[in-house]
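# Chains, contacts and geometry: an overview
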Amino acid sequence: RMITADLVQEKIQEIILELQVHGLLKKQMPRWVMDFSNREIINEEDFAGWLQFVFLPNLKQQGIMAGCIKMIAPQAIKFFGNDVRKGKLLQLLVELDSLI
C-alpha cells in the first residue's frame, strides 16, 4: 500500500481528536513553544503541548518528507505508557510512525 500525504493528514487528525478526548488539547499555545529548544519536556502535559504545537504542525507542513524525524511512539510511551486509558492514543502514534 502506497503511503500518501493524505494518510498522514488523516492520522494527524485522529491523534488531535484523541488528545481532545483525554483533555490534553490546549486552546492556547504555551509560551515555551516559541523557544522550545531550551525547554525540557518533563511531564505528560508538556509532551502533549509539544505534540500539538510543535511535532504535528511540523509534520503537517513537511508531510512524509519529514521521515527523518525520530519515532514518536517511544517518546509518547515514556509519558503516557502507565496510563492504559491512553492506549488508543499510543496506537495512533505507532500508526503515524509507520507512515512517516
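About the criteria used
Residues numbered from 1 in each chain as written. Predicted model: local features only at pLDDT ≥ 70, side-chain atom pairs only at ≥ 80, totals over all residues. Heavy atoms only, no water. Core = buried A, V, L, I, M, F, W, Y, C linked by side-chain atoms within 4.5 Å. Buried < 20%, exposed > 50% of the residue type's maximum accessible area, 1.4 Å probe, protein only. Helix = DSSP H or I, 4+ residues; strand = E, 2+ residues; numbered from the N terminus. Contact = heavy atoms within 4.5 Å. Salt bridge = Lys/Arg side-chain N within 4 Å of Asp/Glu carboxyl O.

One finds Ile 15, Phe 47, Trp 50, Leu 51, Phe 55, Phe 80 and Leu 96 to be the most contacted residues of the largest nonpolar core, which totals 27 residues. At the level of elements, helix 1 (5–21), helix 2 (44–62), helix 3 (73–80) and helix 4 (87–99) are the ones that each hand at least two residues to this core. Ranked by residue count, the leading element in this core is helix 2, at nine residues. Filtering out sequence-adjacent residues up to four positions away, Leu 96 remains in contact with Val 8, Lys 11, Ile 12, Ile 15, Phe 55, Leu 56 and Leu 59.

Let's shift gears to the side chain of Gln 52. Residue position: Gln 52 is located in helix 2. Apart from residues lying up to four places away in sequence, Gln 52 is in contact with Leu 24, Leu 25, Lys 26 and Pro 57.

In the structure shown here, the tally under the stated rule is five salt bridges. Its salt-bridge partner being Glu 45, residue Lys 26 comes within 3.1 Å of it at the nearest N-O pair. Here Lys 26 is found in the loop between helix 1 and helix 2, whereas its partner Glu 45 is found in helix 2, with 19 residues between them in sequence. Between Lys 86 and Asp 83 there is a salt bridge; the shortest N-O distance is 2.6 Å.

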